[in-house]
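Topology and contacts: notes
Residue-level listing of the chains:
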Amino acid sequence: MRSRDQKKLAQQRCAEQLTQSVRGPFVFLFGMSGIINILALTGSFYMLQVYDRALPSGSLPTLVGLSILAVGLYLAQGLFDVLRSQILVRLGAQFDRRVAPLAQRVGIDMPRFGFSTAEAMERGRDVDTVRGFLGSPGLVALFDLPWVPVFLVFVYMLHPYLGALTVAGAVVLALLTILAELLTRRWTGATQQAVVARNAIADSNARSADVLKAMGFADRAVDRYRRANDEHLDLQTRTTDISGTFGAIARVLRMILQSAVLGLGAYLVIGGELSAGAIIAASITSARAMAPIDQAIGNWKVILAARTAFRRLKETVIALAAAEPPMTLPPAHRSLRVGHITVAAPGSGRVLLSDVGFELKAGQALGVIGPSGGGKTTLGRALTGIWPLLRGSVRLDEADLPQWDEASLGGMIGYLPQEVCLLDATVEENISRLAEDSDPALVVAAAQAAGVHEMILRMPDGYKTELGPLGTALSGGQRQRIALARALYGNPFLVVLDEPNANLDAEGESALAAAIHGVRARGGLAIVIAHRPSVLAAVDLIAVIQEGKLTAFGPKEAILGKAVRDGAAKPDGAQDNRERSMPERVPA
Ligand SMILES: Nc1ncnc2c1ncn2[C@@H]1O[C@H](COP(=O)(O)OP(=O)(O)OP(=O)(O)O)[C@@H](O)[C@H]1O
């Protein structure tokens, strides 16, 4: 095990890598912005030279020469501007390419830990926000800001009074920026949360579309969405009001300053302290000095959003760095040992399963029964490593689950969740778990083991049939059987099936029983969580989970016999009734 310090160091290194990837190009762009800003003095120099040199001398060649030089410098500035924006866009794409998969990785994990899918999707949007910001005028303004003193010095050199006036204007605008930041800061987080809450409602409404339509409460669902949207709009209006007001004040101040510079310049010209060309040069330069500040204020919301998104992404990268890459172990083939595990609900921390322990040997199959809400699915989630343990251990061939790297562990586990969810991909891709170069023989073998091969052949494009979003193009039973084939793909050692027969007909049930027998025959382990007793024909052991505790564990005949004697269990093939089909209370 790595020490805590080492882990911290790795996290720090990862966060640094993220900023380092942009640091080098940013230093280069900072230098390039310097050149652009110095070239931006062209207009001022041109005016100075035209008014103070070409006009008094009346020399046309001087005017033409100055004009050609100015056009050349303007073109150079434009070229550097284009280059800078192209580099920024590519930098954004590079950042996206690097961070988006990490954000997606965390996004996949988030719902397991009690976050809504809207919150999980927010990570992906964070990447978009940062990428968008990298090519936005907001960032260009930030690059130009450090070069504002160049313009101030230039104006100061024309006349100290003009310099002082422009500096005063810059200070007032900078103070406005700080004030805008302070006033919007507390609303930014709340606005972000309101967006997530609104999107979560939209997401859940879309998922419940059938129910909303059938039972006619779509309007009420839309009302709920509207209320959440209103809250978001209120908050957004507040932040936009602040940044809009400050933006307008900044623009007015800029105009006042520009006129003030002209007025003061005229006063100085009348007093014989300044040339006419210098007035125009001072006016152009002071306006140019204020532009980045003005733009920063105008884009303040975008800058804040990008900063928040970047911070969250940095946390994401750090969180992933904390995961220690484990050593590769040989595939398990002997046993599963559950050592006094306690499992809490991610998010709330409520203990759902406490002190559960048992052992299974290769070739055995365990049926997990018990009343609704007792903790059977929680046990399945703990055994497959979906939920972390609060205490205890789940060992495959004596190696605790965290000792396996995710890919090897996943290859040894087949899991059929209670709520079957297929990917928006082909049947083949779903069964092969998105394997890039899946072996068709393995896919067909899994389908045959699940008794679903013929059914797939009858589909429009056989194994290449696209299943659509969440596999909704299939019936409930078809989805469950394809998900069973996915669980059996590659002959995993531990197969956990959570209510695998919930949607099956008689043919499906016998295919399921054959699949469980098949797992046992090849030396695998099957754990079947079931309400309907028919599936238990294929298991040899029974565990009863009630109120988060293992209240009975042992050979099927002994446990079920006792339950039947107690009058709580129904015989095989009994009607599917969750509450009554299994023993309500089986003594330990
Ligand atoms: N994601 C979750 N967050 C918090 N609590 C949860 C979560 N999932 C389940 N629970 C709670 O854990 C308890 C056990 O749920 P579990 O799904 O394990 O029961 P079960 O025995 O599988 O029930 P059923 O037979 O109805 O599927 C329940 O009280 C449930 O409310």
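Here the structure is a predicted model, which is why all the values come from computation and not from measurement. (Residues numbered from 1 in each chain as written. Predicted model: local features only at pLDDT ≥ 70, side-chain atom pairs only at ≥ 80, totals over all residues. Heavy atoms only, no water.)

1. Some details on the side chain of asparagine 199
Along the chain, asparagine 199 turns up in helix 7 (residues 160-207). Within polar-contact distance, the side chain of asparagine 199 engages the side chain of arginine 198 at 3.1 Å. (Helix = DSSP H or I, 4+ residues; strand = E, 2+ residues; numbered from the N terminus. Polar contact = N/O pair within 3.5 Å; in protein donor to acceptor, adjacent residues only side chain to side chain.)

2. Some remarks on the site of the ligand
Near the ligand there are 17 residues, and of these Lys376, Thr377, Thr378, Gln418 and His531 occur at the shortest range. Lysine 376 is positioned such that a nitrogen or oxygen atom in its side chain is 2.8 Å from an oxygen atom of the ligand. Relative to its unbound accessible area of 640 Å², the ligand is 70% covered by the protein chains. Per-element tally for the shell around the ligand: the top contributor is helix 12 (residues 376-383), with four residues. (Near = heavy atom within 4 Å. Areas by Shrake-Rupley, 256 points an atom, 1.4 Å probe, with all protein chains shown as cover.)

3. Notes on the side chain of glutamine 77
The topology assignment puts glutamine 77 in helix 3 (residues 60-109). By relative accessible area, glutamine 77 is classed as buried at 14%. With residues up to four places along the chain from it excluded, the contact list for glutamine 77 reads Ile36, Leu39 and Ala40. (Buried < 20%, exposed > 50% of the residue type's maximum accessible area, 1.4 Å probe, protein only. Contact = heavy atoms within 4.5 Å.)

4. Some remarks on the environment of proline 56
As for its placement among the helices and strands, proline 56 is situated in helix 2 (residues 42-57). The contacts of proline 56, once residues within four sequence positions are left out, are Val50 and Tyr51.

5. Remarks on the pattern of salt bridges
Close approach of charged atoms allows side chains with opposite charge to pair. Scanning the entire structure with this criterion turns up 16 salt bridges. Here arginine 254 makes a salt bridge to aspartate 294, at a shortest N to O gap of 2.5 Å. Taken together, the positions of arginine 254 in helix 9 (residues 218-270) and aspartate 294 in helix 10 (residues 276-298) put the pair 40 residues apart, joining distant regions of the chain. Assessed through its relative accessible area of 22%, arginine 254 is described here as partly exposed. Among the ionic contacts, a cluster of salt bridges with common partners joins Asp81, Arg84 and Asp144. (Salt bridge = Lys/Arg side-chain N within 4 Å of Asp/Glu carboxyl O.)

6. As for the domain arrangement of the protein
By a widespread convention, an interface's size corresponds to the accessible area lost as its parts come together. For the protein, the assigned domains are domain 1 (4-321) and domain 2 (335-547). Put simply, the middle of domain 1 and the middle of domain 2, counted by C-alpha atoms, are 50 Å apart. Roughly 440 Å² is buried in total at the junction of domain 1 and domain 2, and carbon and sulfur atoms are behind 48% of that figure. For domain 1, the biggest contributors to the area lost against domain 2 are Arg105, Arg112 and Phe113; these three give 86% of the whole. The tally of links between domain 1 and domain 2 comes to one salt bridge. With a shortest N-O distance of 2.3 Å, glutamate 406 and arginine 105 are connected by a salt bridge. Taken together, domain 1 and domain 2 are joined by one residue pair in polar contact (both at pLDDT 80 or more). Looking at the side of domain 1 that touches domain 2 residue by residue, the class counts come to one nonpolar, one polar and two charged. (Domains from an automatic or database assignment. Buried area = accessible area lost by both parts, 1.4 Å probe. Nonpolar A, V, L, I, M, F, W, Y, C, P; charged D, E, K, R; others polar.)

7. Observations regarding the sheet that holds strand 7 (residues 494-498)
Here we have six strands laid out as an open sheet, ordered 6-7-8-3-9-10, and mixed in their pairing. In this open sheet, the two strands that pair with only one neighbour each are strand 6 (413-416) and strand 10 (549-555). Averaged over all pairs of adjacent strands, the angle between strand axes in this sheet comes to 15 degrees, irrespective of strand direction. Bridge count between strand 6 and strand 7: four bridges; the pairing is parallel. (Pairing = 2+ DSSP bridges. Axes fitted to C-alpha atoms, helices over the stretch in contact; angles between N-to-C directions.)

8. Points about the UniProt feature "transmembrane region" (unreviewed entry) in the protein
The sites that carry the UniProt feature "transmembrane region" (unreviewed entry) are, in the present numbering, residues 26-48, 60-80, 133-155, 161-183 and 261-284. For the annotated span residues 133-155, helix accounts for 78% and strand for 0% of the residues, and the straight-line distance between the end C-alpha atoms is 32 Å. As a span, residues 261-284 carries 79% helix and 0% strand, and end to end its C-alpha atoms are 10 Å apart. (UniProt positions renumbered as here; feature names shortened; annotations may be inferred.)

9. Thoughts on a negative patch on the surface
The grouping of Asp424, Glu429, Asp461 and Glu466 at the surface amounts to a negative patch. The topology assignment puts aspartate 461 in the loop between helix 16 (453-457) and helix 17 (476-488). (Patch = residues over 30% accessible without salt bridge, like charges linked within 9 Å, V, L, I, M, F, W, Y side chains within 5 Å. Lys, Arg positive; Asp, Glu negative; His and termini not counted. Charge placed at Lys NZ, Arg CZ, Asp CG, Glu CD.)

10. Some remarks on the packing of aromatic side chains
Here a ring pair, both rings aromatic, is described through the centre-centre distance and the interplanar angle of the planes. Applying the stated rule across the entire model yields five aromatic pairs. For the ring pair phenylalanine 26 and phenylalanine 143, a centre distance of 5.2 Å and an interplane angle of 75 degrees mean the geometry is edge-to-face. One end of the pair, phenylalanine 26, is in helix 1 (residues 4-39); the other, phenylalanine 143, is in helix 5 (residues 137-144), and 117 residues separate them in sequence. Look at phenylalanine 26 and you get partly exposed, because its relative accessible area is 25%. Under the relative-accessibility criterion, phenylalanine 143 is labelled buried at 7%. (Phe/Tyr/Trp six-rings, centres within 6.5 Å; stacked < 30°, edge-to-face > 60°.)

11. Things to note about helix 10
Under the 1.5 Å per step criterion, the end-to-end length of helix 10 is 33 Å for 23 residues, consistent within 8% with the ideal 33 Å. Helix 10 sits mainly inside the fold: 17 of its 23 residues count as buried. (Expected span 1.5 Å × (residues − 1).)

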